[in-house]
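Descriptive structure summary
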Amino acid sequence: MIFKKLRQFRDKILAHLVFWLMITGFLTFLFSVGVPGYSIGFNTVLMLLPVHILYYYILSKVVIPKYLYTRKFVKLGISFLLISACCTLAYRLIEICFADPYFFQEYQKYYPLFKWKKLNGTFSEQLLNKEYLMHAFEQSNSIVWIALMIKFVRMWYERKQVALHSELNFLKAQIHPHFLFNTLNNLYALTLNQSSKSPQVVLGLSEILRYMLYECNSDHVLLDRDIEIIKSYITLEKLRYEDRLDLNMTINGNTKGLQIAPLLMMPLIENAFKHGASEMMEEAWINIDLEINEKRLKVKVSNSYPGQQSKNGEIHYGKIGIGNVRKRLELLYPGAHHFNIYQEEDMYVVIMEIQLSLQSFAEVSKPSGKALILKPSMFQKTKTTRYK
């Protein structure tokens with residue numbers, strides 16, 4: 001923890017140093033226009049740079065946190081005016097006492113006949129000259145406001161990321177009770193019949209809950225691991241439906257090293273069981289197809305359609321789970337996903353396509369092109385599995 005904070009502090013210091021070095025280079029270039037060489041401009045900038053630095057850090061570290069964050073806007077405006085006036089005056093004093101005489105002296109070495117009206121007049125006349133005060137005001141404020149704009153953009157981005165993270169956590173939290181409610185319903189149905197399979201359901205549920213509690217805290221998990229949880233869930237459902245459900249699951253492609261948002265596929269499969277198979281007494285079927293082509297995953301879940309149900313596909317799929325998936329796709333895979341629901345005469349189909357990311361330390365080989373099998377007993381990857 002301490003080392004992490006030290007690294008963050010070091011990175012922050014480096015970022016500020018890089019920024020001020022870039023500003024120094026930029027101002028040196030501007031001050032050197034029409035001047036032989038860059039040394040005169042560089043030395044002049046070094047004399048005036050402390051005003052920019054002091055001005056910025058007073059605003060960003062004192063005034064803004066004290067008045068802007070606490071919404072004391074009147075005090076904020078007054079503070080801006082006072083600090084701006086003081087820094088303008090300080091900038092002008094450095095010009096009169098150091099920068100302008102140095103610039104004039106160095107420039108005369110190349111052009112002896114050079115005259116500069118900016119140095120005419122007494123000290124007070126130079127200090128109170130409106131034209132040069134306005135110039136000092138512009139010069140002292142321009143760099144500071146560029147830096148503040150960068151700070152405000154960074155703050156906006158960080159707050160947006162915090163809001164995004166909070167929304168994702170909320171959406172992820174929705175999945176847990178939604179899944180738990182559905183699974184407990186299955187367990188309840190088995191216990192009513194005093195089924196000997198109830199302990200298996202409890203064990204399978206404990207494995208899935210362990211995954212939800214301890215492995216789903218990150219934004220992405222290994223695709224292989226997420227598929228394992230889907231297999232565990234299918235096992236629980238098969239204990240309930242037994243031979244009343246015709247279930248096929250196929251995985252094509254290489255999943256090694258690929259990452260996906262946790263539990264993104266689960267609601268699609270849950271809804272197929274809950275709103276398709278569970279509402280049909282006979283001839284219920286579900287097909288689950290996962291196809292991985294390089295880093296693109298296509299998930300197709302189709303299930304039988306009970307004729308007495310509404311023909312509105314959005315009613316069938318418009319539950320918490322599917323709505324949750326839509327929103328998470330928009331937040332996690334913007335512009336890198338497709339999500340469609342189709343309704344035919346006797347079935348529903350949902351297709352989700354997303355561009356996956358690679359595990360940072362994994363080397364992913366090219367897809368083999370061979371189908372992977374799931375055997376009901378051990379869920380090993382071979383060809384298509386047909387559950388009966």
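Please read these numbers as outputs of a predicted model, since none were measured by experiment.

What follows concerns helix α7 (residues 223–241). The terminal C-alpha atoms of α7, which comprises 19 residues, lie 27 Å apart, in line with the 27 Å expected from a rise of 1.5 Å per residue. Trailing α7 by a residue or two, Glu242 shows a phi angle of about 55°, which is positive.

Now for the confidence of the model for the protein chain. Counting all residues, the mean pLDDT for the protein chain is 80, and 77% of those residues have values of 70 or more. Least confident of the elements in the protein chain is strand β9 (residues 371–372), whose mean pLDDT is 34; most confident is helix α2 (residues 39–68), at 94. Ignoring residues within four places in sequence, the model shows residues 310–318, a span with pLDDT below 50, making 28 contacts including any to other chains. Predicted confidence for residues 360–383 stays below pLDDT 50, and this span has 51 contacts to residues more than four positions away or in other chains.

Of all hydrophobic cores here, the largest spans 47 residues; its most connected members are Ile260, Met265, Leu297 and Met352. Counting residues per element, this core draws most heavily on α7, at eight residues. Ignoring anything within four residues of it in the chain, the contact list for Ile260 reads Asp219, His220, Val221, Leu223, Asp226, Met265, Leu297, Tyr333, Ile354 and Leu356. In this structure, Leu49, Tyr56, Tyr67 and Ile94 belong to the second largest nonpolar core, which totals 26 residues.

A word on unusual backbone geometry. One non-glycine residue with positive phi stands out, namely Arg71, at about 60°. Residue placement: Arg71 occurs in the loop between α2 and α3 (73–110). With a phi close to 55°, Glu294 is a non-glycine residue in the positive phi region. If you trace the backbone, Glu294 turns up in the loop between β4 (284–293) and β5 (296–304). Take Glu294: its relative accessible area is 58%, and that puts it in the exposed class.

Turning to the side chain of Thr255, a few remarks are in order. Looking at the element boundaries, Thr255 is found in the loop between β2 (245–252) and β3 (258–260). The class for Thr255 is buried, based on a relative accessible area of 4%. A distance of 2.3 Å separates polar atoms of two side chains, one belonging to Thr255 and the other to Asp224.

Let us now look at the sheet that holds β3. Taken in spatial order, the three strands make up an open sheet running β1-β3-β8, and their pairing is antiparallel. The two strands at the open ends of the sheet, each matched to only one other strand, are β1 (221–222) and β8 (357–358). Bridging between β1 and β3 involves two bridges; their strand directions are antiparallel. By the bridge assignment for β3, Val221 is matched with Ile260.

We now examine the pairing of strand β7 (residues 347–355). In terms of burial, β7 is a largely internal element, seven of the nine residues being buried. Across nine bridges, β5 lies against β7 in antiparallel orientation. Bridging from a neighbouring strand, Ser304 pairs with Met347 of β7. Examined bridge by bridge, strand β6 (residues 337–343) and β7 share seven bridges and lie antiparallel to one another.

In this section: the pairing of β2. Counting buried positions along β2 yields six of eight residues, so the element is predominantly enclosed. Where β2 lies against β4, eight bridges are found, and the strand directions are parallel. Each residue of the ladder has a partner; that of Thr250, found in β4, is Asp289.

Thresholds, definitions, all that
Residues numbered from 1 in each chain as written. Predicted model: local features only at pLDDT ≥ 70, side-chain atom pairs only at ≥ 80, totals over all residues. Heavy atoms only, no water. Helix = DSSP H or I, 4+ residues; strand = E, 2+ residues; numbered from the N terminus. Expected span 1.5 Å × (residues − 1). pLDDT = per-residue confidence, 0-100. Contact = heavy atoms within 4.5 Å. Core = buried A, V, L, I, M, F, W, Y, C linked by side-chain atoms within 4.5 Å. Buried < 20%, exposed > 50% of the residue type's maximum accessible area, 1.4 Å probe, protein only. Polar contact = N/O pair within 3.5 Å; in protein donor to acceptor, adjacent residues only side chain to side chain. Pairing = 2+ DSSP bridges.

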